[in-house]
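Spelled out from the first residue to the last, the chains are:
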Amino acid sequence: MTVTVSGRIYLVDDHQEFRESCVWILEQAGFEVRDFSNAESLLKEFTREAPPPRSCIVSDIRMPGMSGMELQAELGHRSLTLPIIFVTGHGDVPLAVEAMRHGAANFIEKPFDAPLLVESIHTALASHAPHAAPDALASLTRRERQVLDGIMNGKLNKVIADDLKISPKTVELHRANLMAKLGAHNVVELTRAVLGHS
């Protein structure tokens, strides 16, 4: 009798401790994991063996050699359409947003909780991300749209407040309102909602 796994995860990160931690988390969650220290090694793996249907890549964006974004582009050139989830360091949100514009399934900021990673992979494998209602963006006020633009550019509330010459508390209020209108609970869901209707 064979044990059924939830899917195969290709993990790409140049930090060994991070990889070891993620491998343990994902194997505990029932995934088969193959880990690589760089994107080039993953591409060699795909040259030897095509990924199975239920596969997902979890990759750092910034790495020595080929970056996560370059890996994403190369996968596109090879017509490999498996979902890719990027893990990013603090301040890489604009880069991750750009990656999602090019088809990334999700992005997670380090450090993150294990359940968030597992949940993100299940969502990516199921291939149905939540999107905002078609008229939700149109329902935003001018100020809410300005705050949204700031969030999408990776700005903190205080910076957005300075830019718009309003108080951080007012930014928080606009942020809460626009996220409610778009059905988003965090920046990742917000990004998916916006990109789904851009």
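Preceding block: the structure.
**Quick notes on the nonpolar core**
Here is step 1 of the chain: By size, the foremost hydrophobic cluster in this structure holds 44 residues, and its most contacted members are L42, I57, L71, L148, L178, L182 and L190.
Here is step 2 of the chain: In this structure I57 touches Y10, V12, L42, F46, L75, L82, P83, I84 and I85, once residues within four positions along its chain are discounted.
Here is step 3 of the chain: The next biggest cluster of nonpolar side chains, apart from the first, holds 20 residues, and it includes C22, V23, I25 and V118.

**Focus: the pairing of strand β4 (residues 84-88)**
Here is step 1 of the chain: Among the 5 residues in β4, 5 count as buried, and that is most of the element.
Here is step 2 of the chain: Along β4, one buried face is formed by I84, F86 and T88 and the opposite face, lined by I85 and V87, is buried too.
Here is step 3 of the chain: Direction of pairing for strand β3 (residues 55-60) relative to β4: parallel, over a ladder of 4 bridges. Residue pairing in the sheet places S59 in a bridge with F86 of β4.
Here is step 4 of the chain: Handedness of the crossover is the feature at issue here: the chain leaves β3, passes through helix α3 (residues 68-77), returns alongside β4, and the resulting connection is right-handed.

Cut-offs and rules
- For every chain, the first residue of the written sequence is number 1, and numbering continues from 1 onward in sequence order.
- Per-residue local features of the predicted model are confined to residues with pLDDT of at least 70, and side-chain atom pairs are confined, for both listing and counting, to 80 or more; whole-chain, interface and lining totals are unaffected and use all residues.
- Water and hydrogen atoms were dropped before computing side-chain values, which therefore reflect all heavy atoms in the structure.
- The nonpolar core is taken to be a set of buried Ala, Val, Leu, Ile, Met, Phe, Trp, Tyr and Cys residues, with the residues joined through side-chain atoms within 4.5 Å.
- Each residue gets one of three labels from its accessible area relative to the maximum for its type: buried under 20%, exposed over 50%, partly exposed in between, using a 1.4 Å probe on protein chains only.
- Contacts are assigned to residue pairs that have any heavy atoms within 4.5 Å of one another.
- Secondary structure elements follow DSSP: runs of H or I no shorter than four residues count as helices, runs of E no shorter than two count as strands, and numbering proceeds from the N terminus.
- Any two strands between which DSSP finds at least two bridges are classified as paired.
- Clockwise travel from the first strand over the helix to the second, with the strands pointing away from the viewer, marks a crossover as right-handed.

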